[in-house]
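Residue-level structure breakdown
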Amino acid sequence: MSDLVTNPYRTSLRSAADWGLVAIALPALAALALPLGVQNGAVLGWFGGSMAPLFLIGVVLAVVAGASAPKRVWGAWAELAGVALAWLLPLHLLNEGLDLSAGWGLWLFLVAATLLLWRVMGVLAGMPGWTRSVVVPGLFGLGLLVGWEVLVRGFQVPAILLPPPSRIAAALAANAPVLWDDFRQTVLTSVLRGYVMGCGAGFMVAILADRVPFLARGLLPLGNLASAIPVVGIAPIMVMWFGFDWQSKAAVIVVMTFFPMLINTLAGLGNSERIQLDLMRSYAAGYGRTLVKLRLPNALPFLFNGLKINSTLALIGAIVAEFFGTPVVGMGFRISTEVARMNLDIVWATIAVAALTGSGFYGALAVLERVTTAWHPSMRQR
Amino acid sequence: MTFPNPLDVREATASRQGSDRAASSAKSSVVVEARKLSLVYPTADKPVTALSEVDLTIARGDFVSLIGPSGCGKTTLLRVIADLERPTSGHIVIEGMTPEQARLKRLYGYVFQAPALYPWRTVERNVMLPLEIMGIARAERQARAREQLERVGLSGFERKFPWQLSGGMQQRVSIARALALQPDLLLMDEPFGALDEITRDHLNLHLTQLWRATGKTCVFVTHSIAEAVFLSTRIVVMSPRPGRILDVIDCDSLPRERKLEIRESPEFAAIAHRVREGLKEGHSYDD
């Protein structure tokens, strides 16, 4: 009765049962009737002598604990433990030497576990602070990696096509000194120097072009032209001009990053409102003062846009340019030679390094942007 | 057309004919003097005359309102005084100087239609902006900014960002910023045009108290008759196409100290009536 008063829209059915959980439990129950996998030529069921029932009991306990938790969030954490246990089961079975490719019972069970994870994420994404901004994306990424690992190993995908993440991690660890040398050559030497030169030149030419209108008129069409030049066309020419070492990579990066920076800076400098400029004029502020105190702060969101676009362009440019000649070190060199030798683990490890570097670079710029342009409408109150 | 006060007629005619009287008397008492001021904008089809042969004299300590419908050149006239626009013909003198010299000497403070605060600066640093440009030392800058913020009733908001303040508060910050320059001449272009009437009444009261306390010369652009009569010692009625002055009305019949109650007085009604008549005249000419 009191429940009806506080929440008149609640129906008795809804309060009686958690239908979402029931919808997840049904495929999980059905899965128990189907096989887990094949061991030594014999089909193995759920209760055929493996450790599977122990995992099953753990999952059920976690879900029951979750459903009866006094707070929905605590329940979500308990259910998350259940999801983790469910996904550990195929990894355990693989280590036991089972062939899972025909284990439809297991796969159906994992589908139910994924639905449970969906439910958990829905609750966690509604939480404030770190849970939403760090834990949820972290769990998402981890889920993708575990899914990749289990599917690739479970269905025995050849490693030459797609190795599981564990194998890529092993290759990373085994080849760490080589990969570090590649990283130093490509990222710390070529990319950073080329990036600073390209963005710096783009920025300074934009300041000049803003002062001298004919420069802007002449340069902007060239910008469209330059952005249409393929890297694979410009890279061999730069290698011929500047040699095998970092200078040719930096030159490719300068060509790729100069115009995005120029165009974004020019757009940013034109972003100040008339009324703000009039204000500076009424203070008898000259060109330099107006630039530093008004126009550059106003241009910051545009500058960061250019810097972020260029961070990924620079890495791509350096790696592709290394295909056309390099000292025997560098990420592009590593990829091109190890592909030829069919050492795809190292290729994947290099790709992982490049991906982490690229997102780290971008992420650092995004953090810097958030700090320096917290005032901008797109950044406020986050 | 009847004028309630013969004194006003004399003054208006004198202003219209070019204020030689004011110019010949005491030079230092005249802050702004414009003669036969015209400004023509070239546009694609035909040139637009924003100001046509405007004569105007503004005395020290006056609160002058420029009122008229949109397109009558009231903002343009203010921008010419501020050297944000250049007239195509005629003369204008600010404190014995050209507008450009006056601007370079930072003789005026300008309050725009919008607050025009810089969102990346705190309230206090916004008020300090003109002082930074003038090269005033940090401690002095801060002291002056605090003083002006207190004057507009915004003590305690120094560390806030403009977008955390209401529209009325933002406009008060922009007034504090103009006052921080310590100018003798305050130019205001419809500063309260975007605000609701309650906030506007409040800020009008604030402004008139500020004006009396500081003794500054104010030029105030508005399209509200009540606001113009309430604030001004003189009202300049303007008319569009081409922008020109129709009438200059003295508000001597109102006390120098303005309280919101004076809006109920017959003197207030009489002046408001005359302003309305003047605006009507401008429109009938147009139709």
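Think of each chain on its own: its residues are numbered from 1, step by step along the sequence as written. Chains and ligands are labelled by the order in which they are written, letters from A for the one and numbers from 1 for the other. At least 70 in pLDDT is required for a residue's local features to be given in this predicted model, at least 80 for side-chain atom pairs to be given and counted, and no such filter applies to totals for whole chains, interfaces and linings, which use all residues.

Notes on the packing of helix α5 (residues 72-95) of chain A against helix α6 (residues 104-124) of chain A
Residues and elements named next belong to chain A. Helix axes use the C-alpha atoms of the stretch in contact, all axes being lines fitted to C-alpha atoms, and the angles between their N-to-C directions lie in the range 0 to 180 degrees. To qualify as a helix, a DSSP run of H or I must reach at least 4 residues; to qualify as a strand, a run of E must reach at least 2; elements of each kind are numbered from the N terminus. Across the interface, α5 lies against α6 with an axial gap of 9 Å and an inter-helix angle of 155°. When the interaxial angle is binned, α5 and α6 end up roughly antiparallel. Relative to α6, α5 is oriented so that their crossing is left-handed. Residues Arg72, Val73, Ala76, Glu79, Leu80, Gly82, Val83, Ala86, Trp87 and Pro90 of α5 touch α6, and the partners they reach there are Leu106, Phe109, Leu110, Ala113, Leu116, Leu117, Arg119, Val120, Val123 and Leu124. Residue classes in the contact of α5 with α6 are distributed as 16 nonpolar, one polar and three charged. Comment on the angle field: the value is read as roughly parallel under 35 degrees, roughly antiparallel over 145, roughly perpendicular from 65 to 115, and oblique elsewhere. By convention the crossing between two helices is left-handed if the near helix lies anticlockwise of the far one by an angle smaller than a right angle, and right-handed if it lies clockwise. Throughout, a residue-residue contact means that the two C-beta atoms, derived from backbone geometry, are no farther apart than 7 Å. Asp, Glu, Lys and Arg are counted as charged, while Ala, Val, Leu, Ile, Met, Phe, Trp, Tyr, Cys and Pro are counted as nonpolar; the rest, among them Gly, fall into the polar class.

Some remarks on the domain arrangement of chain A
A common way to express how large an interface is: the accessible area buried when the components associate. Parsing chain A into structural domains produces domain 1 (2-157) and domain 2 (171-372). How far each domain reaches was decided by an automatic or database domain assignment. Each of domain 1 of chain A and domain 2 of chain A has a C-alpha centre, and the two are 44 Å apart.

A few points about the UniProt feature "domain: ABC transporter" (unreviewed entry) in chain B
Per the UniProt entry, the sites bearing "domain: ABC transporter" (unreviewed entry) are residues 34-265 of chain B in this numbering. Here residues 34-265 of chain B is 34% helix and 25% strand, with 33 Å between the C-alpha atoms at its ends. UniProt positions are given in the numbering used here, feature names are shortened, and annotations may be inferred rather than shown by experiment.

Quick notes on the sheet that holds strand β7 (residues 217-222) of chain B
Residue and element names in this part refer to chain B. The strand order β5-β6-β7-β3-β8-β9 describes an open sheet built from six strands, whose pairing is mixed. Two strands bound the open sheet, and with one partner strand each, they are β5 (108-111) and β9 (244-250). Each strand axis lies, on average, 15° off the axis of its neighbour in the sheet, ignoring direction. DSSP-based pairing: two strands are paired if at least 2 bridges between them are found. Inspection of the sheet shows strand β3 (residues 63-67) paired to strand β8 (residues 234-239) by four bridges, in the parallel sense. By the bridge assignment, serine 65 is partnered in β8 with isoleucine 235.

Focus: the interface of chain B and chain A
Facing the 17 residues of chain B at the interface are 14 residues of chain A. Going through the elements one at a time, α4 (99-104) and α5 (123-134) of chain B are the ones with two or more residues in the side of chain B that touches chain A. With three residues, the single largest contributor to the side of chain B that touches chain A is α5 of chain B. By residue class, the composition of the side of chain B that touches chain A is 15 nonpolar, no polar and two charged.

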